Each structure stands twice: as C-alpha cells, then as structure tokens.
Amino acid sequence: MSLIVVGSVAYDGVETPHGKIDRMLGGAATYISLAAAYFTPVKLVGIVGDDFADEDVELLASRHIDLAGLERVPGKTFFWSGVYSADMNDRTTLRTDLNVFADFNPKLPETYRGEPYLLLGNIQPALQRSVQSQMPQLKLAGGDTMNYWIHDFREELLETIAAWDFLLINDSEARQLSGQHNLRRAAARIQGMGPRTLVVKRGEYGAVLFHGDGHFMAPGYLLEDVFDPTGAGDCFAGGFIGYLAGRGVQPSGGNLDPAELRRAVIYGSVMGSFCCEKFGVDRFRSLTRAEIDARFREFQTCTAFV
Ligand code: AMP
C-alpha cells in the first residue's frame, strides 16, 4: 500500500542568517515525499521542466519514490525564492515563477489510482479535488493549504476540504479560515467544515492536534542551530501521513485511533526538526530511520510527567 503525494517540485533560492543558496532542489511535494518515504512507499505526482537535473531525479528514486506521475515537459521548473528574518520566524517571498507549474493538471497513472492514502500538498483547491476524484479506493485523505487559497478561492477550498479526513494548517491560516481568533473555537469551526482531524502547526513551538472533542499538544524540538526552515511544514506533513500510512491506519466508523494520531504528530515534529538542520533537502541525504526513532524517544522523555 502506497501514499500518493501531490504538489510542487521546484528549484528554490533561499537566504537565511546562515547563508545563501541561489538554486537548489525544493518544492512541497519533494519535501513531503522525502520525509514520508522513511515510513511508507510513496508515489509522487508533480510536474517539472526539461531543466530538472538527473541528480535530483536520482535522489528521489534512491528513496524508492515512484516517479511515474512526475511529468516532464518542455520549459522551466517552478522556481521560488525567499529570505528569512534574523530569528527565522518570518519569511519574505522574493520570487514565485510558476513556469511549467502554471499548466499543471494532474492525471494519475493507472498504477496510482487504487492506492488508499493521499496527501494533497498546497496547490489550487480545484486541482486537489480533481486528484482525489481519480482515487476511488481512498481510505485516508487530507492535505495542506495556504492564505492565498483561503482568501481568494474560499468557496472552492471549502468544497475541497469538505471531503478530507484531515487538514494541516498553520495557526494564522486556521484563524483566517475560521474567522475565529481563539484557536480552540477556530478548530471546532474548521472540524465542522469536513476534516474531523485538524493539525494546527505553530512553527518552532510545535503543533496542536484536534480530534473529536479532544486535543493534544506536541512541542517543537529544541534545535541548537536552525539553518534553513524551508520545507519544515511539508516535512511535518510527510512524517504525519507517512507514519499513518506505514502503520495501515484508517478510519473506523469515521474515527482514527487517537493514540496513532498522537504518534503521527510527534513523527511530524521530528521530521520538521530534521529538515531545519541543513539547507534545503540536504539533511535527508544522510538521515537514517534509527536517528528518527531516537528523536521520537527523546520527545517522549522530555514531555513525560506523572
Ligand atoms: P514550507 O517552508 O513548508 O512552506 O515549504 C516551502 C516549499 O514550498 C518550497 O520548497 C517552495 O518551492 C514551495 N512553494 C513556495 N510557494 C509555493 C506555491 N505558491 N505553490 C506551491 N509550492 C510553493
């Protein structure tokens, strides 16, 4: 059983207080897939131009990420660049060149359509819905969105997330989507829109999982050095859904196992934290499953109390 991941595959230019890189592999689907592949087989859906480098294909393929759904067309790959503030909590986008991504209209290969797990990265809500409609055997589906879609494509987004089991979103977006400043009330309002499970990401401060009437607070890992936070949210999503897919977790009577969801959120935090330790996707070139599990146990140790 595999996880289908949809989203941008990109080249990024990033400047943080630790350095500047003009062009490196990035994209939401890239980060999600690299993180999830530690837990479950992944099949990626995306689009790149003819400038997409063989070594980048090789990195993804070396993680056994199925690339049958990665379209390659004439033109340039999506390019995004941004610069971070001194504390790295804020980021300013300098450039977004959609390039071949402007014509992205995902059509899933036959070998993808029967899979049970789906993570919809942050793309236009109508495209997210179109991908979901191509997967008749889905057991668990959800994804991510951003302020632009919430503001400018609200009705389309509401129609899309109505069919999701879970939504991952950051705190300011949760407030924007719900129209509620109080996070607890915002969560209840969003759960009423469709996704019964909601994960509100709070950057370096961790995440809150809302499920049914309850909630669970996951801290962020206290890193000594954050080199580049780009992709941390996507890696969180990859760790979260990758863990659930790898365990074969699916709703029963509409509900997901709360203990598995808690572990999934911690694996999300673990993968987000590793992502920040090096520039771009570099940490994933050497990261091992043993290191991931060790950090998971560290989370247990530093949050347990009686
Ligand atoms: P994150 O830091 O988790 O928000 O993810 C950053 C990644 O998202 C970068 O690698 C970018 O290439 C990608 N990205 C930035 N803007 C967009 C956009 N408008 N649509 C899709 N992907 C984007």
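Before any of the text, the structure's been laid out above.
Please read all numbers here as calculations on a predicted model, not as lab measurements.

> Can you help me understand the overall build of the protein chain in this one?
Looking only at helices and strands, the protein chain features 11 helices and 13 strands. In terms of C-alpha radius of gyration, the protein chain reaches 18 Å, essentially the compact-globule figure of 19 Å for 306 residues. Taking the principal axes of its C-alpha atoms as reference, the protein chain extends roughly 55 × 45 × 35 Å. Within the protein chain, the proportion of its 306 residues that are buried is 53%. Pairs at least 24 residues apart make up 64% of the contacts formed inside the protein chain by residues separated by at least 6 positions. Mean positive and mean negative side-chain charge positions of the protein chain (29 and 38 charges, respectively) differ by 6 Å.

> I tried to follow the site of the ligand on my own but got confused; where do I start?
Taken together, 15 residues lie near the ligand, and Ser8, Asp12, Gly27, Gly231 and Asp234 sit nearest. Between the ligand and the protein, one listed contact pairs an oxygen atom with a backbone N or O atom of Gly233 at 3.4 Å. Separating an oxygen atom of the ligand from a side-chain N or O atom of Asp234 is a distance of 2.7 Å. Contact with the protein chains removes 82% of the 510 Å² of surface that the ligand exposes when unbound. For the shell around the ligand, the element with the highest residue contribution is helix α9 (residues 232–246), accounting for three residues.

> For this particular structure, what's the right way to read the pairing of strand β11 (residues 197–201)?
The side chains of a regular strand alternate between both faces of the sheet. Of all five residues in β11, five are buried; the element is thus mostly enclosed. Residues of β11 alternate between two faces, with Thr197, Val199 and Lys201 on one and Leu198 and Val200 on the opposite face, all of them buried. Two elements, strand β10 (residues 166–170) and β11, share five bridges in a ladder whose sense is parallel. Its bridge partner lying in β11, Asn170 is registered against Lys201. Relative to strand β12 (residues 207–211), β11 runs antiparallel, the two sharing five bridges. Bridge assignment links Thr197 to a residue of β12, and that residue is His211. Connecting β11 to the next strand, β12, in antiparallel fashion are five residues, including Gly203 with a positive phi near 55°.

So, how was this worked out
Residues numbered from 1 in each chain as written. Predicted model: local features only at pLDDT ≥ 70, side-chain atom pairs only at ≥ 80, totals over all residues. Heavy atoms only, no water. Helix = DSSP H or I, 4+ residues; strand = E, 2+ residues; numbered from the N terminus. Rg over C-alpha atoms; globule rule 2.2 N^0.38 Å. Buried < 20%, exposed > 50% of the residue type's maximum accessible area, 1.4 Å probe, protein only. Contact = heavy atoms within 4.5 Å. Lys, Arg positive; Asp, Glu negative; His and termini not counted. Charge placed at Lys NZ, Arg CZ, Asp CG, Glu CD. Near = heavy atom within 4 Å. Polar contact = N/O pair within 3.5 Å; in protein donor to acceptor, adjacent residues only side chain to side chain. Areas by Shrake-Rupley, 256 points an atom, 1.4 Å probe, with all protein chains shown as cover. Pairing = 2+ DSSP bridges.

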